[in-house]
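# Close look at the chain arrangement
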Amino acid sequence: MLLVMMAGVSCIGLSMYAFDTGLMTDPIIWMSLLGLGAYITYIPVGCVLFERLIASSEFRSNAGFLIYVADAIGYIGSIGVLLYKELFFKDMSVLGFFTQFSYLMAGVGLVSLIYAYFYFAGVSRAKAA
């Protein structure tokens, strides 16, 4: 699942780069690829990763509550990003801010997922030993 999520954030970064450099000129394809990358990254967290985290903790529950909390944090985050842009980057265009923020999220997401991959690989090796 982490590899699928890495593909999602890579899709965000690569489609942003292609649009930014003029390699991709169709804004509908660009926005569709950005949305697909975000969706591919988000869905494994809600569907698989939350279930596996609950299973490893041995608590009797399901992922429904965690998915609800993640959605709520996402909505709050959306409002937070809009407020951040309007309060601290008033003079920057919406497209310029979106471009910089997309690059930031793709970079931070990829680095975080690589770290998570090595962390869980170490945990898995430690349990096997």
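Here, the structure is the one placed above.
In this report, the structure presented in the accompanying data block is examined. Treat the numbers as computed from the prediction; the structure is a model and nothing was measured.

### Re the nonpolar core
Leu2, Met5, Met6, Val9, Val45, Phe50, Ile54, Ala63, Leu113 and Ala116 together form the largest nonpolar core, which totals 10 residues. When residues of this core are traced back to their parent elements, those giving at least two are α1 (2-21), α2 (27-57) and α4 (94-128). Ranked by the residues each element gives to this core, the list is headed by α1, at 4 residues. Contact partners of Phe50, with chain neighbours within four places excluded, come to Val45, Ala63, Leu66, Ile67 and Ala70.

### So, the layout of surface pockets
Quantified by volume, the largest pocket comes out at close to 1300 Å³. Forming the walls of the largest pocket are 31 residues, and the residues nearest its centre are Ala38, Gly74, Ser78, Phe101 and Met105. Contributions of two or more residues to the lining of the largest pocket are made by α1, α2, α3 (64-88) and α4. Among the elements that line the lining of the largest pocket, the one with the most residues is α4, at 11 residues. Here the lining of the largest pocket is composed, by residue class, of 20 nonpolar, 8 polar and 3 charged. Considering only enclosed or pocket space, the second largest pocket measures out at about 300 Å³ in volume. Surrounding the second largest pocket, Met1, Leu2, Leu3, Met5, Val48, Leu49, Arg52, Leu53, Ser56, Tyr117, Phe120 and Lys127 form its lining. Secondary structure elements with two or more residues in the lining of the second largest pocket: α1, α2 and α4.

Reading guide: rules and limits
- Residues numbered from 1 in each chain as written.
- Predicted model: local features only at pLDDT ≥ 70, side-chain atom pairs only at ≥ 80, totals over all residues.
- Heavy atoms only, no water.
- Core = buried A, V, L, I, M, F, W, Y, C linked by side-chain atoms within 4.5 Å.
- Buried < 20%, exposed > 50% of the residue type's maximum accessible area, 1.4 Å probe, protein only.
- Helix = DSSP H or I, 4+ residues; strand = E, 2+ residues; numbered from the N terminus.
- Contact = heavy atoms within 4.5 Å.
- 1 Å grid on protein atoms, 1.4 Å probe; cavity = no way out; pocket = protein on both sides within 12 Å on 5 of 7 lines; lining within 4 Å.
- Points joined across faces, edges and corners; volume = space filled by probe spheres on them.
- Nonpolar A, V, L, I, M, F, W, Y, C, P; charged D, E, K, R; others polar.

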